[in-house]
Amino acid sequence: MSLKDETLSSQMASVDISENDVTVQVEVTLVDRCSAGVIVCLDSATVPANFIIGYHDGTNVHLDKCVAGTYTSLIDTAVAYGAGQVVKVVKNGNTVQLFYNGVQRGADQVVNDAGIISNTKHGMFTTYSGNTFDDFAILDATGVTTLFSDDFNR
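Let me begin by describing the structure that accompanies this report. Sequence order sets the numbering: in each chain, residues are counted from 1 along the sequence as written. pLDDT decides what is reported in this predicted model: residues at 70 or higher carry local features, side-chain atom pairs at 80 or more are listed and counted, and totals for whole chains, interfaces and linings draw on all residues regardless. Heavy atoms throughout the structure, all of them, feed into the side-chain values; hydrogens and water do not.

**Examining the pattern of salt bridges**
Thought 1: Criterion for a salt bridge: a side-chain nitrogen of Lys or Arg within 4 Å of a carboxyl oxygen of Asp or Glu. Under the criterion given, the structure shown has four salt bridges.
Thought 2: With a closest N to O distance of 2.9 Å, aspartate 21 and lysine 91 form a salt bridge. Of this pair, aspartate 21 sits in the loop between β1 (12-16) and β2 (22-29) while lysine 91 is found in strand β7 (residues 85-92), placing the two residues 70 residues apart along the sequence.
Thought 3: Take aspartate 21: its relative accessible area is 26%, and that puts it in the partly exposed class. Put simply, DSSP H or I for four residues or longer makes a helix, DSSP E for two residues or longer makes a strand, and each gets a number counted from the N terminus. Think of it in three bands: with a 1.4 Å probe and only protein chains considered, a residue is buried below 20% of the maximum accessible area for its type, exposed above 50%, and partly exposed in between.

**Description of unusual backbone geometry**
Thought 1: Positive phi, normally seen in glycine, also occurs at cysteine 41, with a value near 55°.
Thought 2: For alanine 68, which is not glycine, the phi dihedral falls at a positive 55°.
Thought 3: Within the secondary structure, alanine 68 is located in the loop between β5 (60-67) and β6 (70-78).
Thought 4: With relative accessibility at 62%, the residue alanine 68 sits in the exposed group.

**Some details on the nonpolar core**
The nonpolar side chains of a soluble globular protein tend to be buried with one another.
Thought 1: Ranked by internal contacts, the top residues of the largest apolar core, which has 26 residues, are Val24, Val26, Val28, Val40, Ile52, Leu63 and Val89.
Thought 2: Elements represented by at least two residues in this core include exactly β2, β3 (36-42), β5, β7, β8 (95-100) and β11 (132-140).
Thought 3: Put simply, buried Ala, Val, Leu, Ile, Met, Phe, Trp, Tyr and Cys residues joined by side-chain atoms within 4.5 Å make one nonpolar core. Listed in part, the eight residues of the second largest apolar core include Ile39, Leu42, Ile53 and Tyr55.

Printed below as a string of structure tokens:
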């Protein structure tokens, strides 16, 4: 048996779309006790230190921000998990919203950290390679115009 340290950057896949007010969403299917969701306003794909993350852990749905490597929980609420349900984060200006299964979870959050708000990389997050994603999309903040999409199933 061998063990390998997993880096934060290996848990993320992102694309730079030159926009920071976005809706980022993906259908997620989790393996038990593993987390997956979306990353918004990531500063670096190789050395991530500033970003917003929305995810489900099988029991709760979460919205966290990470500033200079320090995490702050913004939303942590029990929501029944369902395979293939959509995790969605909307960032418009300094307002950030978390949705799961088409319903907003928690209240609107204000995120105005300089290390986050202007970043233009967005993507997916998983703690286990066995989690799967489908219908990943980045839209404008209104959720109307598609800026990037990938209908893959990985």
